[in-house]
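Residues per chain are reported as follows:
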Amino acid sequence: MATYSRLPGSVALITLQNPPVNALSAAVRQGIVDTVQRALKDPKVTSVVICGQNGKFCGGADIREFAGPMLGPPLVPMIHAIEAVDKPVAAAIEGVALGGGLELALGCHYRIAHSKALLGLPEVTLGLLPGAGGSQRLPRLIGLTAALDLITTGRHISAAEALKLGILDQVTDNNVVDQAVEFVRRVAGQPLDSRRLSTLPCPPDVDSLLDKAMVKVRQRSRGALAPVACVQALMAAASLPYTQGMEKERELLTTLFNSGQARALQYAFFSQRVVGKWSLPSGASWDNSAARPISKAAVIGLGTMGRGIVVALALTGISVVAVETQEKQLAEASQAVPAMLQREAGRRGLATPPGVISFSSNLQDVSEVELVIEAVFEDMSLKLQVFRHLTSVCRPGTLLCSNTSGLDIDQLAAVTQSPGLVVGMHFFAPAHVMKLLEVVYGPRSSPEAVATAMQLGKRMGKVSVAVGNCPGFVGNRMLKPYLEQANFLLEEGATPQQVDEALEEFGFPMGVFRMSDLSGLDVGWRIRKEAGLTGPGVESTRTRQGRRYSPLPDQVCEAGRLGQKTGRGWYQYDGPGGRVARSDPWVHIFLEAYRAEHDLVARSIAPEEILERCLYALINEGFNILQDAMAAGPEDIDAIYVFGYGWPRHHGGPMFHAGQVGLGRILERLQHHHHNHPDVPHLKPSTLLRRLVAVGSPPVQKWREFINKERVHSQL
Ligand SMILES: C[C@H](O)[C@H](C)C(=O)SCCNC(=O)CCNC(=O)[C@H](O)C(C)(C)COP(=O)([O-])OP(=O)([O-])OC[C@H]1O[C@@H](n2cnc3c(N)ncnc32)[C@H](O)[C@@H]1OP(=O)([O-])[O-]
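The name given to the protein in an unreviewed UniProt entry is Peroxisomal bifunctional enzyme, with Oncorhynchus kisutch as the source organism. A UniProt comment under Subcellular location (unreviewed entry) is attached to the protein, and it reads "Peroxisome". Listed under Pathway (unreviewed entry) in UniProt, the entry text for the protein is "Lipid metabolism; fatty acid beta-oxidation."

Brief notes about the UniProt feature "domain: 3-hydroxyacyl-CoA dehydrogenase C-terminal" (unreviewed entry) in the protein
The positions UniProt marks with the feature "domain: 3-hydroxyacyl-CoA dehydrogenase C-terminal" (unreviewed entry) are residues 472–573 and 610–706. The span residues 610–706 is 65% helical and 0% strand by assignment, and the distance between its end C-alpha atoms comes to 31 Å.

Details of the packing of helix 26 (residues 663–676) against helix 27 (residues 687–694)
Direction vectors running N to C along helix 26 and helix 27 enclose 135 degrees, while the axes themselves pass 9 Å from each other. Relative to helix 27, the element helix 26 is oriented oblique. Crossing handedness for the pair helix 26 and helix 27: left-handed. In contact with L663, G664, I666, L667, L670 and Q671 of helix 26, helix 27 contributes L689, R690, L692 and V693.

As for the site of the ligand
Near the ligand lie 26 residues; those nearest to it are G100, E103, E123, R273 and K277. A distance of 2.9 Å is found between a nitrogen atom of the ligand and a backbone nitrogen or oxygen belonging to I63. K277 places a side-chain nitrogen or oxygen 2.7 Å from an oxygen atom of the ligand. In the complex, 76% of the free accessible area of the ligand, which totals 990 Å², lies under the protein chains. Considering every element that reaches the shell around the ligand, the biggest residue donor is helix 11 (residues 260–274), with three residues.

Side note on the pairing of strand 6 (residues 110–114)
With five of its five residues buried, strand 6 lies for the most part within the structure. Bridge count between strand 4 (residues 89–93) and strand 6: four bridges; the pairing is parallel. Pairing of A92 across the sheet is with I112, part of strand 6.

What to know about helix 8 (residues 209–221)
End to end, helix 8 covers 18 Å across 13 residues, agreeing with the expected 18 Å (1.5 Å per residue, within 8%). Buried residues of helix 8: L210, A213, M214, V217 and S221, and no others. Buried residues along helix 8 cover an arc of 105 degrees about the axis, so they all sit on one side. Facing away from the buried side of helix 8, by more than 90 degrees, are the exposed residues K212, K216 and Q219. Once helix 8 ends, the next one or two residues include R222, with phi positive near 45 degrees.

The rules behind each value
Residues numbered from 1 in each chain as written. Predicted model: local features only at pLDDT ≥ 70, side-chain atom pairs only at ≥ 80, totals over all residues. Heavy atoms only, no water. UniProt positions renumbered as here; feature names shortened; annotations may be inferred. Helix = DSSP H or I, 4+ residues; strand = E, 2+ residues; numbered from the N terminus. Axes fitted to C-alpha atoms, helices over the stretch in contact; angles between N-to-C directions. Parallel < 35°, antiparallel > 145°, perpendicular 65-115°, else oblique. Left-handed = near helix turned anticlockwise from the far one by under 90°. Contact = heavy atoms within 4.5 Å. Near = heavy atom within 4 Å. Polar contact = N/O pair within 3.5 Å; in protein donor to acceptor, adjacent residues only side chain to side chain. Areas by Shrake-Rupley, 256 points an atom, 1.4 Å probe, with all protein chains shown as cover. Buried < 20%, exposed > 50% of the residue type's maximum accessible area, 1.4 Å probe, protein only. Pairing = 2+ DSSP bridges. Expected span 1.5 Å × (residues − 1). Arc of directions from axis to C-beta.

Below is the structure:
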């Protein structure tokens, strides 16, 4: 709703009220229509100020309403009515003015903001475009170039930048409502024509800026619809009169609104928030488990991951003891880390946190910290050694966390005096940049330890997801069948390019083989050796441990081809460290020889089959993970894949995508492929998938409830 009050000096104050972000729900829109009418009719009122309750102006349209029919007064005429008012109307912006919230402010004649406010039109991140006049009014106010940047990126800008761009008329450190009231009193009676943005001409697109932008946006968007529609709306603004431009904006918005991509992106928006409300099979959860405050932490092992973790911690202002026992590595890290910290602080517009990192080669120096993150080489015996040492050095009650990407957390906990204080904190490279953090709880991890790690993740600006302790946790456990299917497809006739093209066409930034070359083929090779799947004494057959196995990647590594780091892998590069992948004749000859050696006849494989086998195998493992209660719900899995594995956000995530394709279809295709490949267990449809199809394939938002019910009735 919106309240009305009359302030001394004939100013009407309209306050939006819809916690927590005063989103423009039907009730708020009705409230605005009613209060603006009232201000109009009140002869004693000479000017109007619109503000938001609880220190936030407005977070935009109410995204929760998008799933249902649109009720209440529409936004566009509501904002037109404000613009048409013949008394000055000022928006007093505090906290945020985003999406429809900024569009509402653009309908006002003046905009005053607090210096800490954030502004923007992030609709594109929700698969939409500014649909309440933003795509038509903003370019008229700040020009095409700046409008193009804000609308196609959806980025939030500071009040200082908004003032510089000309969006704001004033920025204040004081009470913004008081400032706005004083401002409108001062301008009352002045002509308003030039303040009505819809009446101003839109600067013409003299340098075909928009055509060039369209080419770039199409390349960058990898199949996402909204960025393209944003440019089309701006093209309308630059070439059509306002009313027709608005017609085009409405048309484009309707198309986007009804697109699966918009639903996927809105689901991703809420998934990112749902995972913060974590719960464990024990019943412990975010709202009944207290996190411990952390002001001093330590990181053990200063390789690539360790250095990134030190920076991520330091950026929160926590003091960090960075420990590395190898002198050479320590020397390099103590050079590199401060520079990384400065760079990252600069990128985030933060001042570099003062002197919060100390370097040491002595594990004794972590005796006073509250939390330790171990990031040494991915070898269980080494990690056990470190944990044994830590449990003797650290003071009682210290949380011990491991950055392992898939080793058994409970085995590490077992060598400590307080297994309840051991959790996994699985970062993704580069650890100070990638948003995802898997917080891994073992059967003995205490709710307090999980709560503390989740809270710390939030402080580092991470999307933290609580997951159960199983081999590969969630992300890497699902990646295994995806990688295996890709290798099997090569055996059967595909090329690395064909597989990668199909996945990149789907929207992945990089296909599986280019990604493997980037992260280094030796990483997987070492894990397969440790699992006894390959290595000296292991027979080179295509069946290992009772299931189909492709020795292809092992043989590529045995040929010294470890990816970008050696300049050769599944592709060739311009020397070690090269970034540009080019098809390599060696690989094609190698594949033909391999098929001949194993009597395999190459066949042509369509992109559809490549997608089905790689993605459905991954999705199927997602269902097994939900069945095993290693993730609380589909949103957890989808947030992991969107923020950690490059799953295209406009497809929502693997589990959401399964719902969009149709669970019946996924089941039928898995059965088809499993029938053709009975020696590949991860193609065998998960019981949970079968159960969901059997009960009519409820929408993804209903799975969490269904799984909990099934678990109670031990159907799973
Ligand atoms: C016509 C028009 O052109 C179009 C079509 C539109 O306008 S489309 C809409 C465009 N607007 C946006 O894209 C802004 C989206 N919101 C945000 O970016 C952030 O929320 C925030 C504003 C920067 C605050 O961040 P935060 O970190 O302080 O808190 P939070 O945890 O994120 O949010 C706190 C709680 O508020 C909920 N929430 C936030 N914004 C919301 C919104 N616009 N609608 C509904 N709920 C919203 C959120 O789900 C969470 O709920 P719960 O989990 O507690 O139940």
